[in-house]
Amino acid sequence: MILRPARFVLSRWLFALAVLAGVAALAGAGLTQSRTAVVVQQLAITGSLHVVWGDPVEGPPRHRVFLADDFARTYELRLSAAQVRDLGGISRLSGRRVTVVGQTEPRAPGATAGPQAVSVRSVRPEPEIAPRAAAATAEAPVMGSQPWVNLLCRFSDISTEPHPVGYFEAMFSGVKPGLDHYWREVSYDQINIVGSGAFGWYDLPQPRSYYIRDTDGDGEDDVAFGALAEDCTGVADADVYFPDYAGINLMFNESLGCCAWGGGWTLDRDGQVIRYRMTWEPPWGYGNQAVLAHEMGHGFGLPHSSGPYENTYASDWDVMSGRGVCRIRDPEFGCVGVHTISYHKDRLGWIPVDRIYVPAAGSSETIALAPLDAMPTGAEYLMVKLPFSGGSYYTVEARRRVGYDWDIPGDAVVMHEVVEGRSRPARVVDADANGDPNDYGARWETDESFTYVDKEIAVTIEPSDGLYETLVTVRYQTPIPDFSLAVTFAGNGAGSVTSAPAGIACDAEHGPEVCSADFQLGTLVTLEAEPVHEGPLTSRFDGWSGDCEGAQSSCAFWINGEESITAAFTVLPPRINLSSMVIEFDAMHGFGDPPQRDVFISNTGGATLADLSLAGIEYSAGGSGWLDTSFTIEDGVPVGLALSPKIAGLTAGTHSAIVQLTSQAADNSPQAVEVTLNLVDSPSSEQFAAALLGGPRLQRIVERFLDDLGNGNGWLDPGDFLAWLDATGAQASPVSLDSLSRGGK
Amino acid sequence: MMRNDRLCFGLFRGLAILAVTAFAGCGDSTGPAVPQLDLVLVAPAEGDRAAAVTVVGEFTAVHAANGYRLFSREGNGSLKLLVIAEAGATFPSGAVVVATLEIAEGDDSSDYRSYVTEVASADYELKSARTYSTRLETRGR
């Protein structure tokens, strides 16, 4: 059986347009072009994420997400809340290696600088490659020498120099409140910034308005982070060997929009592409040690903490929130930061495991807590972790007004509720809920108790025994019994059901099945149903019934006891594609060394074939892969792809897609080939039977489809019909000749 | 079974000896009211699930036997059937009635012929029909 050829290759002019679009996008990413890009380009990029946090003088924080590929080309990503959530939350993005598929957004009129914005269609985590980053991932501990270079850059139209170089050298010194001294104390001497330096002032090539302007019309100045990073490091490059540093503070002589900014950036300097910790500082940023410490904290990968209220900066227990109350300003370096909280210190690997108390289920024990500002020499703990649901937990820490913590609200035990995935994972537990996370409601003092869920978890602050200042009794009873959630499949369709939090992950094929998992009482569970496409057959999700009802694909409910839910799927008569799905691309050239490179395959043809997939890539050099992902090809070897379209939900008729092959290293990339689906409705059971019984024949390609669905022996026969009935669940028609009759009537 | 008043009337007029029987048959509608033929499929072994059968002759109706589904097409003095055993079942080894055919009054059942043209196994493979046979039996015999 031979498919009727139906391959459509873009004409030469259209291909040239696609190449031009790629050039335009890459030039935009290079930040130096002064024209307006108007071409929308489909991109598939693999690289590392950077989150840049913005901290304003007033108002809520900002954050921006960027992706830097392996050639230090940077894109600003427009991620949906669901995409961020699926990656573990904004606080867990920094340093993550991902592949992103999306399309470029047209630049705003007048926008001249800044990474190309990409509207993200899909994002997928990738395994980390060999470390070559000064800035580690969000999950890695931060240890040892962490020198920062401070670059002082003047906008070309502003000549002021707010502070001399010596100011910055002193600010990063080991003399209190110098930042080397500060970070040593905060990290228990596990990191230092010895070797930090300051250089400048340098003149930037452009005026401030080139870097700082309202490009999106929202009334707030936007910052061209990439242009500032490229230009400020560029003018200093002759004096600085960047690979010597873990972080770069870019100090500017005028404000940078709303905020002081901290996070990371990838630079190609001194022959090395490196992910650096990086901050962008306005004068009021480096005018206060606490602000700089806060932004460097973002550089180390820390998110914000806060009180349990809307205001991010209200907690004076943490340099990553309000930074301290700033009761006494340092005459030279302004407000000085307090310590960061135990959750953050643990996250950076600074609290040894044997200093973290995690109670056993059913236990009740009194322990000694040492103040968080110094590593204890005795048997005290620095931190208590009390898991209460899923991956969430409470922390308990003792604070006293000593060292850099001299500016905290008071001596007390402080608790935080930690829920990973939210932008501020750690939030102060404030008993009086009065909107102030620093007052007595947040300070747990002698004889006060915190309880959770009918005293299953209780923390009581005990009087000092004379040996230890802070004693805490932690009662942690056997966790509340879990309850079973049973999911039953109904209908003749195929589908899968998964849960968040994880537990349910099962599927059914054309028959009722039951799967179950246990969840804690009070857990908010979201079930997600997805019809399964088996070859040409598709199923439809018909809805939920039982303890969660509805027709939407997701269903959220609280675990209040034993729960039972049914998910129904119905198989749909398939539509049949009459077109060939074999496409070919020209060989790519210019890989250099190595001669094998990753290429990305994506569907850029719009919404109609968004589900186009590659059931098995086969190309002349061998290998396999999937759409919206990468695979390796050889320089000079043509690529052929056998596409397997997902036609679920598509109507009969024609649907087109443009399949694009992109390599960041090839001269003749991207390449695009248009494919067109020509879908027809599958025959009815009666039509199928009639064709077998000497009636009107079906289209040849339809016969082939039905044969492939059945026994694939090359012609249509009762075996194929049997398979068809089983697969589609075709029902009987009324009794009459030329129709179906069903036994038992 | 459908009641056939015209057939009952003829039986009362012509065959007095059968009148009681016919009366009983018409009255409670449990006996054959029209000439019917059982299509018997003879399988050499169990394990097959579909068979294409051609029956030569004119028919007024066709009904699937319990446990079977039928697709049929009539033309050129024959009836072509796809006989499908219900999901999870196969043809048993030996003879089994898979359908009942109604023929017109006065037709001679001996004029009817049937044969198997194709057989498929439960796993959809096409198999040889040579080892299969069929026969038509007058209903109630």
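Residues numbered from 1 in each chain as written. Chains lettered and ligands numbered in written order. Predicted model: local features only at pLDDT ≥ 70, side-chain atom pairs only at ≥ 80, totals over all residues.

### Thoughts on the overall build of chain B
Here comes step 1: When its secondary structure is counted, chain B shows two helices and nine strands.
Here comes step 2: Listed by position from the N terminus, the elements making up chain B come as α-α-β-β-β-β-β-β-β-β-β. (Helix = DSSP H or I, 4+ residues; strand = E, 2+ residues; numbered from the N terminus.)

### A short note on the overall build of chain A
Here comes step 1: A count of helices and strands for chain A gives twelve helices and 40 strands.
Here comes step 2: Scored against the burial criterion, the 745 residues of chain A give a buried share of 46%.
Here comes step 3: Of the contacts made within chain A by residues no fewer than 6 positions apart, 67% connect residues no fewer than 24 positions apart. (Buried ≥ 20, exposed ≤ 12 C-beta atoms within 10 Å, placed from the backbone. Contact = placed C-beta atoms within 7 Å.)

### Digging into the sheet that holds strand S3 (residues 61-64) of chain B
Residues and elements named next belong to chain B.
Here comes step 1: The antiparallel open sheet is built from four strands, whose spatial order is S3-S6-S1-S9. Each edge of the sheet is formed by a strand with only one pairing partner; in this case those strands are S3 and strand S9 (133-138). The average undirected angle you get between the axes of adjacent strands in this sheet is 30°. (Pairing = 2+ DSSP bridges. Axes fitted to C-alpha atoms, helices over the stretch in contact; angles between N-to-C directions.)

### Quick look at the interface of chain A and chain B
Here comes step 1: The interface is formed by 28 residues belonging to chain A together with 27 residues belonging to chain B.
Here comes step 2: Listed by contribution, the elements that provide at least two residues to the side of chain A that touches chain B are helix H10 (685-692), helix H12 (718-728) and strand S40 (740-742) of chain A.
Here comes step 3: In terms of residues, the side of chain A that touches chain B owes the most to one element, H12(A), which gives eight residues.
Here comes step 4: Here the residues of the side of chain A that touches chain B sort into 13 nonpolar, nine polar and six charged. (Nonpolar A, V, L, I, M, F, W, Y, C, P; charged D, E, K, R; others polar.)

### As for the sheet that holds strand S17 (residues 363-368) of chain A
All names here are of chain A.
Here comes step 1: Pairing is antiparallel in the open sheet, where four strands are placed in the order S17-S24-S23-S22. In the strand order of this sheet, the two ends are held by S17 and strand S22 (449-452), each with one partner. If you compare each strand with its neighbour and ignore which way they point, the axes differ by 10° on average.
Here comes step 2: In this structure, S17 lies alongside strand S24 (residues 471-476), joined through six bridges in antiparallel fashion. Each residue of the ladder has a partner; that of Ile367, found in S24, is Val472.

### Examining the packing of helix H11 (residues 700-709) of chain A against H12(A)
Residue and element names in this part refer to chain A.
Here comes step 1: Their axes nearest at 8 Å, the elements H11 and H12 cross at an angle of 75°. Here H11 is positioned roughly perpendicular relative to H12, judged by the angle of their axes. Touching Leu706, Asp707 and Leu709 of H11 are Asp720, Ala723, Trp724 and Ala727, all from H12.
Here comes step 2: In terms of residue class, the contact of H11 with H12 is built from five nonpolar, no polar and two charged. (Parallel < 35°, antiparallel > 145°, perpendicular 65-115°, else oblique.)

### Some thoughts on the packing of H10(A) against H12(A)
All names here are of chain A.
Here comes step 1: Two numbers describe how H10 lies on H12: the axes approach to 10 Å, and their chain directions differ by 170°. Considering their axes alone, H10 and H12 lie roughly antiparallel with respect to each other. Seen from H10, the contacting residues are Phe688, Ala689 and Leu692; seen from H12, they are Pro718, Phe721 and Trp724.
Here comes step 2: A breakdown of the residues in the contact of H10 with H12 according to their chemical character gives six nonpolar, no polar and no charged.

### Considerations on the environment of Gln36(B)
Residues and elements named next belong to chain B.
Here comes step 1: Along the chain, Gln36 turns up in strand S1 (residues 36-43).
Here comes step 2: For the pair Gln36 and Ala61, spaced 25 residues apart in sequence, the C-alpha separation works out to 9.4 Å.
Here comes step 3: Leaving out residues up to four positions away in the same chain, Gln36 has contacts with Thr100, Leu101, Glu102 and Arg139.

### Points about the environment of Phe591(A)
Residue and element names in this part refer to chain A.
Here comes step 1: With respect to the helices and strands, the residue Phe591 is situated in the loop between strand S34 (582-585) and strand S35 (596-603).
Here comes step 2: For Phe591, a count of 18 C-beta atoms within 10 Å corresponds to the partly exposed category.
Here comes step 3: Residues Phe591 and Ser663 lie 72 residues apart in sequence; the distance between their C-alpha atoms is 8.9 Å.
Here comes step 4: With near-sequence residues (within four places) excluded, Phe591 lies in contact with Arg597, Asp635, Ala665 and Ala666.

### Things to note about unusual backbone geometry
It is generally the case that most residues other than glycine have a negative phi and that most peptide bonds are trans.
All names here are of chain A.
Here comes step 1: Across the junction of Lys176 and Pro177, the peptide omega takes the value 0°, indicating a cis bond.
Here comes step 2: On the secondary structure map, Pro177 appears in the loop between helix H3 (165-171) and helix H4 (179-186).
Here comes step 3: Of note, the bond from Ala500 into Pro501 is cis; its omega dihedral lies within 30 degrees of zero at 0°.
Here comes step 4: Along the chain, Pro501 turns up in the loop between strand S26 (494-500) and strand S27 (505-509).
Here comes step 5: Of note, Tyr188 is a non-glycine position whose phi angle comes to about 60°, a positive value.

### Comments concerning the pairing of strand S38 (residues 653-662) of chain A
Residues and elements named next belong to chain A.
Here comes step 1: Judged by how many residues are buried, S38 sits mostly within the fold: seven of ten residues are covered.
Here comes step 2: In this sheet, strand S39 (residues 671-681) lies alongside S38 in antiparallel orientation, the contact comprising nine bridges. Across the sheet, Gly653 pairs through a bridge with Leu679, a residue of S39.

### A look at the nonpolar core
Here comes step 1: With 122 residues, the main nonpolar core has Leu228(A) and Leu250(A) as its most contacted residues.
Here comes step 2: The dominant element in this core, judged by the number of residues it contributes, is strand S2 (residues 42-56) of chain A, at seven residues.
Here comes step 3: Excluding anything up to four places from it in sequence, Leu250(A) contacts Leu151(A), Cys153(A), Leu228(A), Ala229(A), Cys232(A), Met278(A), Thr279(A), Trp280(A) and Glu281(A).
Here comes step 4: Within the second largest apolar cluster, 51 residues are counted, among which are Ile576(A), Val702(A), Val98(B) and Val116(B). (Core = buried A, V, L, I, M, F, W, Y, C linked by C-beta atoms within 7 Å.)

### Brief notes about H11(A)
All names here are of chain A.
Here comes step 1: Within H11, the full set of buried residues consists of Val702, Phe705, Leu706 and Leu709. All buried residues of H11 fall inside an arc of 95° around its axis, so they share one side.
Here comes step 2: In the core, the buried residues of H11 are packed alongside strand S33 (575-577), S39, H10 and H12. (Arc of directions from axis to C-beta.)

### As for the confidence of the model for chain A
Residues and elements named next belong to chain A.
Here comes step 1: In the predicted model, chain A carries a mean pLDDT of 80, and 81% of its residues have values of at least 70.
Here comes step 2: Note that residues 130-138 has pLDDT below 50 and, in this model, 27 contacts with residues that lie over four places away or in other chains.
Here comes step 3: Under a pLDDT of 50 for its full length, residues 606-626 has, in the predicted model, 54 contacts with residues more than four places off or in other chains. (pLDDT = per-residue confidence, 0-100.)

### What about the pairing of strand S4 (residues 68-75) of chain B?
All names here are of chain B.
Here comes step 1: Burial of S4 is extensive: six of the eight residues sit out of reach of the surface.
Here comes step 2: As defined by bridge partners, S4 adjoins strand S5 (residues 78-85) across eight bridges and the pair is classed as antiparallel. Directly across from Tyr68, in S5, lies its bridge partner Ala85.
Here comes step 3: The turn joining S4 and S5, which pair antiparallel and follow one another in sequence, is formed by two residues; a positive phi near 55° is taken by Asn76.

### Here we look at helix H6 (residues 225-236) of chain A
Residue and element names in this part refer to chain A.
Here comes step 1: Its twelve residues give H6 an end-to-end C-alpha distance of 17 Å, which sits within 8% of 16 Å, the value for a rise of 1.5 Å per residue.
Here comes step 2: Here H6 lies mainly inside the structure; ten of its twelve residues are buried.
Here comes step 3: Buried within H6 are the following residues: Phe225, Gly226, Ala227, Leu228, Ala229, Glu230, Asp231, Cys232, Thr233 and Ala236. (Expected span 1.5 Å × (residues − 1).)

### Focus on the confidence of the model for chain B
Residue and element names in this part refer to chain B.
Here comes step 1: Looking at chain B, the pLDDT average stands at 77 and 74% of residues meet or exceed 70.
Here comes step 2: Note on residues 1-32: pLDDT under 50 across the span, and 24 contacts to partners over four residues away in sequence or across chains.
Here comes step 3: Predicted as a complex, the structure gets a pTM of 0.58 and an ipTM equal to 0.77.

### What about the environment of Lys345(A)?
Residue and element names in this part refer to chain A.
Here comes step 1: With respect to the helices and strands, the residue Lys345 is situated in helix H9 (residues 342-347).
Here comes step 2: The spatial distance from the C-alpha of Lys345 to the C-alpha of Ser187 is 7.2 Å, given a sequence separation of 158 residues.
Here comes step 3: Dropping the residues within four chain positions of it, Lys345 is found in contact with Thr340, Trp350 and Ile351.

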